[in-house]
4 protein chains.
Amino acid sequence: MISSGIPSGIRSGIYGASGYTGQELLRLLINHPHCEVTAITSRRYKGEPLSSLYPHLNAVINLNFMDASTDEVASLCDVVFLAVPHGEAMEAVPRFLEAGKKVVDLSADYRLKNQSLYEKWYCSHTSPGLLAEAVYGLPELHREEIRTARLVANPGCYPTSIVLGLAPLLREGLIDPSSIIIDSKSGASGAGREANTAMLFCEVNEGFKAYKVRAHRHIPEIEQELSLLAGKDIEVLFTPHLLPSNRGILSTIYATPTRTVDTVFLVDLYRNFYVNEPFVRVLEEGLFPGLSSVRGSNFCDIGITFDDRTGRVLVISVIDNLVKGAAGQAIQNMNIMEGFPEDSGLKLVPLFP
Amino acid sequence: MISSGIPSGIRSGIYGASGYTGQELLRLLINHPHCEVTAITSRRYKGEPLSSLYPHLNAVINLNFMDASTDEVASLCDVVFLAVPHGEAMEAVPRFLEAGKKVVDLSADYRLKNQSLYEKWYCSHTSPGLLAEAVYGLPELHREEIRTARLVANPGCYPTSIVLGLAPLLREGLIDPSSIIIDSKSGASGAGREANTAMLFCEVNEGFKAYKVRAHRHIPEIEQELSLLAGKDIEVLFTPHLLPSNRGILSTIYATPTRTVDTVFLVDLYRNFYVNEPFVRVLEEGLFPGLSSVRGSNFCDIGITFDDRTGRVLVISVIDNLVKGAAGQAIQNMNIMEGFPEDSGLKLVPLFP
Amino acid sequence: MISSGIPSGIRSGIYGASGYTGQELLRLLINHPHCEVTAITSRRYKGEPLSSLYPHLNAVINLNFMDASTDEVASLCDVVFLAVPHGEAMEAVPRFLEAGKKVVDLSADYRLKNQSLYEKWYCSHTSPGLLAEAVYGLPELHREEIRTARLVANPGCYPTSIVLGLAPLLREGLIDPSSIIIDSKSGASGAGREANTAMLFCEVNEGFKAYKVRAHRHIPEIEQELSLLAGKDIEVLFTPHLLPSNRGILSTIYATPTRTVDTVFLVDLYRNFYVNEPFVRVLEEGLFPGLSSVRGSNFCDIGITFDDRTGRVLVISVIDNLVKGAAGQAIQNMNIMEGFPEDSGLKLVPLFP
Amino acid sequence: MISSGIPSGIRSGIYGASGYTGQELLRLLINHPHCEVTAITSRRYKGEPLSSLYPHLNAVINLNFMDASTDEVASLCDVVFLAVPHGEAMEAVPRFLEAGKKVVDLSADYRLKNQSLYEKWYCSHTSPGLLAEAVYGLPELHREEIRTARLVANPGCYPTSIVLGLAPLLREGLIDPSSIIIDSKSGASGAGREANTAMLFCEVNEGFKAYKVRAHRHIPEIEQELSLLAGKDIEVLFTPHLLPSNRGILSTIYATPTRTVDTVFLVDLYRNFYVNEPFVRVLEEGLFPGLSSVRGSNFCDIGITFDDRTGRVLVISVIDNLVKGAAGQAIQNMNIMEGFPEDSGLKLVPLFP
């Protein structure tokens, strides 16, 4: 909200603003017509000006990091975005809710409905009573619940690309759920801004590899949402890979159809399914999306085809992991919760090249 | 101009919209509050939808490339941006002016006041009569002439970073003009989108080299503007290098002061010189800008210091070559020419990472 | 063969040496202890010194490009490597064979045994009589035939990574061939050095996308070799993607086992299968290879696991596309044909970072 | 030393082998005909196999990291390469010398002859008595002293590129030393392998910036060697920048000649100066080197020109910072000290692309 003439809508706080996701929320909220940022927190950098960490935001917005007092943050804003690691979010969210604030949690803490599943993949949960209330914030599937939610669990980046890529097929029962194979590739910003030898420039650049094979924490989240769509429990094989690029996730998804389909039919199915969605673009037959088409934007681009030689459906879905996979989707959720136009602050034209 | 509620201001055309600069103009104009794009041209791609060349613009704006008829373009718009190569612009600009249109020419054709200098570095000029009228479109130096101009010659990318980097020193007479050495580094988008073996990914990636040593066509343009500032003719040594990155120019500039200075004094000088400039950010003492701080934005970030060991001033200046170095500055010029707020459509927060 | 004291073994020519594969052959042959390069050809660059195209080879080897006269080349060497596009190789190969030369063809022209299949995917074949004689040059599978071959068809880059990745499983009949899904990712050097807008730095960098979906010409080659291993005709789903890196191919391969397996068993199977192979490294349980581990070397690194949740085998295989996927394998084949130690000239330690 | 038939020459140890420089020494020594590696140390990783840190070396050489006991290392080898940080080297070097070992120290500890200068830029020195004995290991300038040295201080990466770039001009007294300006650009491997937020992929990729402006520790080393060449004390302005690439340093150097020169004369001067040097390639008039021409090799490529417009000499010099700027030069020094052919183990053809 750079422009001063316009009356403020609401005030927001970013709880844990020192990471890539936190600063991306700032990038987007700065130009949001109905929401201004009034508080940013960071335990490590409290007192420091934002621009000392993020010089690109110098003179764009002038804020200092506050310490992570939930009371103080709550007193300064109407809605809180949490961009802290899992485990930390669950400590703060109950306090923000008690203070009457709306909450969009970008961590994993409230994404899984099943407490024991959460505790198997993450850690013990200190506010499991909120799991039932929290709404999984994928607007394309859960818009109505988001509208009235106090607490939205913002989806993970991989799950966003995958669930949007498979939703039409699964809801229509067109594929065998046991046949799903998901091969995903992510840019390096998904790993966050912590110092880490494995993420040094020289380790990632000119490289490419799978990681957390069979063990990535997004697996239960992906399966929860796909199971909901399928109407039964699904297990999928998901292999994430690390790309030598800053932003973006591309998921290549394979599945076996349960009945005769062709590409024209599939493209139509997807176009109809997403016809009213402002942020999902289904490509024409024969076209497939690349990371460069969505960089910096809230779009999810999807291409789909049927391989008649091997009888399989192939879906390719791309997002910017920091936007539709994190900060952009969080703002989309906030817009829905607050009754703002859903694309407020999100009319982001992709940056190319 | 996505938003429909706001009354259209003016209509613009992009003459030569198939290159990186043309599509960047589109990226920025799409969200411009007072200007919509009504015509885009391309000889090679006429009739094709914009999104066939630039899939990232799919569903953001729906336009087809028109052939390069200046009459038709003129009939469709109030202001014309030319993003064609030098030599082509000079053929079309007179026609647009005759048709009463305002023109921002992003080519080099009207940047040099001296016809013979132009012809020495470029080619013979077919409308030299306009050279005197054309205004060199660096708003920080020529804002008043731009305001009333019919024809603005939008500066080159290197000259923008260099002239802004040296203007305060030269205008104050604080450096010996003959001591200036400019070592510039540019991302690959500066080379355009023509097929070219030297610009293939594998040739540029993991590489770095100087090019057009002593022979880059921006030399006379740099010297023209620096000479104006110095009040006398200046020749400078300028060495451009090619970076393995998409966007950005960083110029490291060396000069010998004519009297005693220190860093605090220099930072103050720059801050005062640019105090009212919305797009120039002068960094604190001891800080120097990097490409990542301006990506996607219209900012020029400048750091300056005095090296007491060797008695030299060091200035580092960065811009996004496609924004402040091309399309963003073109829109800034158009805003000034049309009386719009100068930052209309340019409240671009840098994209990081 | 820099060192002069050692007696020359054989003389080789590179027919079509101006591309990335040609120059990579040069890089490797320069240090080969038993083979020197005596002729390099290029229609476009005839007469020019090698270093004008490839300055990194300046002062390392002094050769000028010759025109593509097969007679002249044949008169200068004992073995010929062809690194010309498909369609051109088939014109020259018969002449080299007639002249009594041994031939390693790096094009696709003699890889497919089935002429009509070749003509469906490529173009009409002018020397189909040699298809039966040509040996598919994957030493790990066809070493004995290579030993006595006059004409070796050097495998494609994708097929090398994939066939080595699947050979143990298929030969043992441990997977259902119809279940195979191959998701491959290649660096940009695979596209060659022709000027091409789609391969410009700015188009590839910070991007990632699938290409030639369901249509890549390596499909019949992959299927030919996998079918041989399986003992029956196989069709596979193969999706290539373009990575923003110079070198390397990583193939992620999925298949359903035909009987109970576990990871320990699979790793053992692979280690035994490749126990005598100097260039295949099977990783320990739980480890998976990345591109950075093989850059510049002739290694193929393979990791394998069984996902008990979904009942699938997962193989990840990496090579340097220009070495084991092209020039290195060609030299390995030449070594076998000539009776040299198989790793002559190929003791290449991977370059990292 | 893979090949077993050749009789072992000497045994070497790498003291501090876990960093990029240490592993690069291994890459090069593995194929050295007269030197094998018998000990590698790392405090942090003692007991671990080399391949757990550097999977690319898996099955190429089988060594485990030893703890950093100088006695044990000394007992296992004839020559020791130290690749530990400055401050640590000075503790170990005296012990290796006492044990009668030859030493090549890749740290900065013995590069500066002047103890107080060392202590001003680094830290207090615990074995200053060796500073006089240590030989600065730039073979092109100090070959004869290296031949008989017990202790060679291997040059820094920036100084190597700069001193080789300026030596002919300074030795001939052809430039005004006070006019020298050095603008250098380095790949990210120069920063080492320590976890460090500033060197994360996302911080470096698509970025470019100057760092340690006026404050880089290589300044006194550069000045020491340039002063030696000039025959008087020199101070230079040196600005290092960080490139988004793994390897390589390019230095662009500016100076004012003391008498009339032209480019032909300068190229001749350089060619004569380096005529017997196996690793310095002086380019033809009009050509300038890029990083891609030296990657993975021990070459230093130099281009030089005179700019008659501004009356300045321009030199561009490139090296691979990990080879000629570190490990390769260390082996070159060892070869000289041991009487091996100077290019033993260093016949490295640059890797492109």
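Look up a bit, the structure's there.
### What to know about the interface of chain B and chain D
Okay, so step 1: The interface is formed by 37 residues belonging to chain B together with 37 residues belonging to chain D.
Okay, so step 2: Breaking the side of chain B that touches chain D down by element, the ones donating at least two residues are β8 (181-186), α8 (201-204), β9 (209-210), β10 (237-242), β11 (249-255), β13 (300-307) and β14 (312-319) of chain B.
Okay, so step 3: A per-class count over the side of chain B that touches chain D returns 16 nonpolar, 10 polar and 11 charged.

### Overview of the interface of chain A and chain C
Okay, so step 1: If you look at the interface, chain A gives 37 residues, while chain C gives 38 residues.
Okay, so step 2: Residue assignment for the side of chain A that touches chain C shows that the elements contributing at least two residues are β8 (181-186), α8 (201-204), β9 (209-210), β10 (237-242), β11 (249-255), β13 (300-307) and β14 (312-319) of chain A.
Okay, so step 3: When the residues that make up the side of chain A that touches chain C are grouped by side-chain class, the tally is 16 nonpolar, 10 polar and 11 charged.

### Considering the relation of the copies chain A and chain C
Okay, so step 1: For the match of chain A to chain C, the screw axis carries a shift of 0.0 Å, the RMSD comes to 0.0 Å, and the turn is 180°. On the angle and the small slide along the axis, the relation comes out as a two-fold axis. Judged by C-alpha distance, Pro244 of chain A is the residue of chain A that lies nearest the rotation axis, at 3.3 Å.
Okay, so step 2: When the interface residues of chain A are mapped onto chain C, 100% of them again lie at the interface, so the same face is used by both copies.

### Quick look at the relation of the copies chain B and chain D
Okay, so step 1: Expressed as a screw operation, the relation of chain B to chain D combines 0.0 Å of axial shift with a rotation of 180°, fitting to an RMSD of 0.0 Å.
Okay, so step 2: Both copies present the same face, since 100% of the interface residues in chain B are matched by interface residues at the equivalent positions in chain D.

### Topic: the sheet that holds strand β7 (residues 151-153) of chain D
Residues and elements named next belong to chain D.
Okay, so step 1: Strand order in this open sheet of 7 strands is β3-β2-β1-β4-β5-β7-β6, and the pairing throughout is parallel. The two strands at the open ends of the sheet, each matched to only one other strand, are β3 (65-66) and β6 (135-136).
Okay, so step 2: Note that strand β2 (residues 35-41) and β3 share 2 bridges and pair parallel. Bridge pairing links Thr41 to Met66 in β3.
Okay, so step 3: Where helix α4 (residues 89-98) meets the sheet, its contacts fall on β1 (10-15), β4 (79-82), β5 (102-105) and β7, and the angle it forms with β5 comes to roughly 165°.

### Observations concerning the packing of helix α1 (residues 20-29) of chain D against helix α11 (residues 323-338) of chain D
Residues and elements named next belong to chain D.
Okay, so step 1: Following both chains from N to C, one finds α1 and α11 inclined at 50°, their axes separated by 9 Å at the closest point. The orientation of α1 relative to α11 falls into the category oblique. Of the two possible hands of crossing, α1 and α11 adopt the one that is right-handed. Where α1 abuts α11, its residues Thr21, Glu24, Leu25, Leu28 and Leu29 lie against Val323, Ala326, Ala327, Gly328, Ala330 and Ile331.
Okay, so step 2: Classifying every residue of the contact of α1 with α11 by side-chain character gives 8 nonpolar, 2 polar and 1 charged.

### Observations regarding helix α1 (residues 20-30) of chain C
All names here are of chain C.
Okay, so step 1: Most of α1 is tucked away: 10 of the 11 residues are buried.
Okay, so step 2: Buried residues of α1: Tyr20, Thr21, Gly22, Gln23, Glu24, Leu25, Leu26, Arg27, Leu28 and Leu29, and no others.
Okay, so step 3: Of the surrounding secondary structure, the elements contacted by the buried residues of α1 are β1 (10-15), β2 (35-41), β4 (79-82) and α11 (323-338).

### Brief notes about the pairing of β10 of chain B
Regular strands place side chains that alternate from one sheet face to the opposite one.
Residues and elements named next belong to chain B.
Okay, so step 1: The element β10 is extensively covered by neighbouring structure, given that 6 of its 6 residues are classed as buried.
Okay, so step 2: Here β10 shows two buried faces, one formed by Leu237, Thr239 and His241 and the other by Phe238, Pro240 and Leu242.
Okay, so step 3: With 6 bridges connecting them, β8 and β10 associate as parallel partners. Residue Ser186 lies in a different strand from β10, and its bridge partner there is Leu242.
Okay, so step 4: Bridge count for β9 against β10 is 2 bridges, and the pairing is antiparallel. Looking at the pairing, Lys209 lines up with Leu242 of β10.

Calculation rules
Residues numbered from 1 in each chain as written. Chains lettered and ligands numbered in written order. Predicted model: local features only at pLDDT ≥ 70, side-chain atom pairs only at ≥ 80, totals over all residues. Contact = placed C-beta atoms within 7 Å. Helix = DSSP H or I, 4+ residues; strand = E, 2+ residues; numbered from the N terminus. Nonpolar A, V, L, I, M, F, W, Y, C, P; charged D, E, K, R; others polar. Least-squares fit on C-alpha atoms with pLDDT ≥ 70 in both. Pairing = 2+ DSSP bridges. Axes fitted to C-alpha atoms, helices over the stretch in contact; angles between N-to-C directions. Parallel < 35°, antiparallel > 145°, perpendicular 65-115°, else oblique. Left-handed = near helix turned anticlockwise from the far one by under 90°. Buried ≥ 20, exposed ≤ 12 C-beta atoms within 10 Å, placed from the backbone.

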